[in-house]
Amino acid sequence: MRLSILRHGSSTRRMIGGLIGLVMAILTVLTAVLAPLTAAPGLLAALMTVWFVGWVLGPSGAGGGDRSLRPEYFALEPIPPGRVALGLLASSFVGVTVPVTLVAFLSLFTLAIRFGTFAAMVALLVIPVQVVFFVLASRVVTALSGAALRTRIGVEITAIQNAAVLAVGFSIYMLYQAVSRYTDVFDLLWNQGVPAPYDTVLLALPPGWGVHAVLAAGEGDVLAALGLTVALLLASGGLVAGWAALIRRRVTGPTTTPARRGRGLSGLLRPLLPSGPLGAVVGRELRTWGQDPRRALELRTALWTGVLVCGLGLAVGLTFMIPLAGLITIALAAMMSLNVYALDGSALWQTILTPEAERHDVRGRQIAWLLVFAPIAVLLSIGGILFTGQGWAWPWVLAILPALVGGGVGFSVLFAVAWPAPGPEPHRHGGDPLESGDVVGQFNVMFPLMLLTAAPPAAVTAAGFLMDRPALLWAGVVVGVLEGVLLGWGLGRIAHLRLRKRGPELLQTLRGRGGSAPGEAEEPEETSAHRIGEEGEGEGALFVRVGRNLDTMSSGAGTLMTVLGLTFWLPLYQGAMSLVALVAGTTDRSWHLPLYLPDPWPLPAALGMLLLGALMVATVGRLLLRAPDDGS
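Residues numbered from 1 in each chain as written. Predicted model: local features only at pLDDT ≥ 70, side-chain atom pairs only at ≥ 80, totals over all residues. Heavy atoms only, no water.

Details of the overall build of the protein chain
When you go through the protein chain residue by residue, the secondary structure sums to 26 helices and zero strands. Intrachain contacts of the protein chain at a sequence separation of at least 6 include 80% that bridge at least 24 residues. (Helix = DSSP H or I, 4+ residues; strand = E, 2+ residues; numbered from the N terminus. Contact = heavy atoms within 4.5 Å.)

Rendered as structure tokens:
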């Protein structure tokens, strides 16, 4: 069944994910081969921990991971729950993730070869056991996270886990700068390895047991090597037992789940809400953001990400990122709320059958989004500036924040209407409230859109800063406010017109998880391409085209788009920051490559970097927005 699903699914996204994973796996193997022998075990243990975190937290951050086969599907089949658990576990090894992980774990063997024959034999025994352990841990943690989301404390813990990963990603430059004040980070790690006692901790944790076993074998400690291997086997056995218990509960339990009780977010605001359809939608959305586990997780993840960014800045003694925490929060909130109609499932039929309800529904969702996320972002931004005393951030934050708020509240509803990612019905996600639609493609498109949204006010503010013109500096605030209002109102209008025009098609998509209705033939690809071409000027046709191009993209084009989409910001950042440094006359070259060139080449190199980044963005846009081939 799993192989059949993969054969009939989209291969482009699997190929893109597999390519990224393969690059990371090769880098892991090269670390084991090229790093000094004294530093290699600690570095490899750190990399194994990173892979483990990806396996464990990755599915939680991607709507519960791949749920093409769900335990509830076998509830009425005459198959014992234990056999269902083993079958589902076996199907977890089918796909691109396990082979890619196996390639990464070959680093254990390449490291063991450097220690000798016995260590290599131990590595050959440990590698498959550790792969099984990672897969089992991923499945068990994901299942436990889904069960934990039924409680408020579970939502908070899961949100903090997801936010911690995001906060570290957003703050990686800040963390690098903090450590670089004392030493050359990369030189230290490469030549001396992970410093004590962190290397000891990494080797003592389960993700590092494989590396620890190889190291023990290389040092001649046979009992420790075999003991760690047996410990991995026992841990895997315990995970199998836990997995079987969780699957048995889902197979024999109800396929529906009640809503979480609570007053929600509308308790204090209910007296202030307007009467009529608009106020009803706002109240419903506020209650949903507080009570639906999936929405509550998104809300808290965005909040905790901003808070943890501030915490990391304080912990390392660098506070320049703290005033920007509100901007990160609002951008992340937009990306996490772009699938709200799919999360509501087929309840859309009530809106469609109510005359003139589309505008109230879209505007009500926008108002509720503003009430939920905008105050959090404003408090984080203002509080961060006042707490750190960094007055330089006032014009930047006041200019960019309104633009991001307007872009977030507009793009989120437009994506939800025009490009939904269907998932299970809200009351039928069974034992896994975490399960939702696959929004990876939407995320990849929304991220550069939010960057482009911040560009106009940031450009005006930067021009005022570089030319030392206070009037132009504060004009960026006006630009940001106007852009935010126009985006929020204009994109919301496009969304409710699209919902009024294409509401039945959206409902069919949500009911059929993107497929045809029962008894209907699926629309031929030629007809679909022709229809998309005819709708080139209609609202939301752009998103239909992007979705179709992602699903039908060739492997070569998908590879190119992945590489460019992941790296386009590097030349833009290098060029922009190099120009700022040249204009300001600073002597700190940091890691901005154009500044290392001899005169007069830094300025042309910085401009060339900006041009390269713009060309990369244009190429990605061309791949996503290409017109359908009528001859296909």
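Topic: unusual backbone geometry
Cis geometry is found at the peptide bond from Asp 599 to Pro 600, where omega equals 5°. Looking at the secondary structure, you find Pro 600 in the loop between helix H25 (569–584) and helix H26 (602–625). Here the phi dihedral of Asp 468 falls at roughly 55°; this positive angle occurs in a residue that is not glycine. Positionally, Asp 468 belongs in the loop between helix H20 (440–466) and helix H21 (470–512).

Topic: the nonpolar core
Ranked by internal contacts, the top residues of the largest apolar core, which has 62 residues, are Ile 330, Tyr 341, Trp 369 and Phe 373. The dominant element in this core, judged by the number of residues it contributes, is helix H19 (residues 393–418), at 13 residues. Those residues in contact with Phe 373 that sit more than four places away from it in its chain are Trp 289, Leu 299, Ala 302, Ile 330 and Ala 333. With 59 residues, the next largest nonpolar core counts Ala 112, Leu 203, Ala 216 and Leu 239 among its residues. (Core = buried A, V, L, I, M, F, W, Y, C linked by side-chain atoms within 4.5 Å. Buried < 20%, exposed > 50% of the residue type's maximum accessible area, 1.4 Å probe, protein only.)

Overview of helix H14 (residues 293–316)
Here H14 contains 24 residues, and its C-alpha end-to-end distance of 33 Å stays within 8% of the 34 Å for a straight helix at 1.5 Å per residue. Of the residues trailing H14, Gly 317 is marked for its positive phi of about 80°. (Expected span 1.5 Å × (residues − 1).)

A look at the pattern of salt bridges
Inspection of the entire model under this criterion finds 11 salt bridges. Between Arg 295 and Asp 344 there is a salt bridge, and its shortest N-O distance comes to 3.2 Å. Of this pair, Arg 295 sits in helix H14 while Asp 344 sits in helix H16 (residues 340–344), and the two are 49 residues apart along the sequence. The partner of Asp 361 in a salt bridge is Arg 365, and the shortest N-O contact between them spans 2.9 Å. Residue Asp 361 and its partner Arg 365 are both found in helix H18 (residues 357–388); the two are separated by four residues, about one turn of the helix. On the accessibility criterion, Asp 361 (2% relative accessible area) is buried. Judged by relative accessible area, Arg 365 falls into the buried class, the value being 6%. Each of Arg 284, Glu 285, Arg 295, Asp 344, Asp 361 and Arg 365 takes part in a single network of salt bridges with overlapping partners. (Salt bridge = Lys/Arg side-chain N within 4 Å of Asp/Glu carboxyl O.)

Points about the packing of aromatic side chains
What characterises a pair of aromatic rings is the spacing of the ring centres plus the angle enclosed by the ring planes. Enumeration over the complete set of coordinates arrives at eight aromatic pairs. Judged by centre distance (5.1 Å) and plane angle (75°), the rings of Phe 52 and Phe 134 are edge-to-face. In this pair, Phe 52 is assigned in helix H3 (residues 40–61) and Phe 134 in helix H6 (residues 117–148), connecting sequence segments 82 residues apart. For the pair formed by Phe 52 and Phe 134, the shared burial category is buried. Taken together, the ring pairs in this structure connect Phe 52, Phe 105, Phe 133 and Phe 134 into an aromatic cluster. (Phe/Tyr/Trp six-rings, centres within 6.5 Å; stacked < 30°, edge-to-face > 60°.)

Regarding a nonpolar patch on the surface
Taken together, the side chains of Leu 22, Val 23, Ile 26, Leu 27, Leu 30, Val 33, Leu 34 and Trp 190 define a hydrophobic patch exposed on the protein surface, amounting to about 690 Å² of accessible area. With seven residues, the single largest contributor to the nonpolar patch is helix H2 (residues 11–34). Mapped onto the elements, Leu 34 comes out in helix H2. Since its relative accessible area comes to 56%, Leu 34 is described here as exposed. (Patch = residues over 30% accessible without salt bridge, like charges linked within 9 Å, V, L, I, M, F, W, Y side chains within 5 Å. Areas by Shrake-Rupley, 256 points an atom, 1.4 Å probe, with all protein chains shown as cover.)

Focus on the packing of helix H13 (residues 277–291) against H14
Put simply, H13 and H14 touch, their axes get as near as 5 Å, and they point 80° apart. It follows from the interaxial angle that H13 and H14 lie roughly perpendicular. Contact residues: Glu 285, Thr 288, Trp 289, Gly 290 and Gln 291 in H13; Pro 293, Arg 295, Ala 296, Glu 298 and Leu 299 in H14. Its residues placed into classes, the contact of H13 with H14 shows four nonpolar, three polar and three charged. (Axes fitted to C-alpha atoms, helices over the stretch in contact; angles between N-to-C directions. Parallel < 35°, antiparallel > 145°, perpendicular 65-115°, else oblique. Nonpolar A, V, L, I, M, F, W, Y, C, P; charged D, E, K, R; others polar.)

Describing the packing of helix H15 (residues 325–336) against H20
Put simply, H15 and H20 touch, their axes get as near as 10 Å, and they point 150° apart. For H15 against H20, the interelement crossing comes out right-handed. On H20, the residues touching Ala 331, Ala 334, Met 335 and Met 336 of H15 are Phe 443, Met 446, Phe 447 and Met 450. When grouped by side-chain class, the residues that make up the contact of H15 with H20 number eight nonpolar, no polar and no charged. (Left-handed = near helix turned anticlockwise from the far one by under 90°.)

Comments concerning the confidence of the model for the protein chain
When pLDDT is averaged along the protein chain, the result is 79; 78% of the residues meet or exceed 70. Counting contacts from residues 514–540, a segment whose pLDDT is below 50, to residues more than four positions away or on other chains yields 30 contacts. (pLDDT = per-residue confidence, 0-100.)

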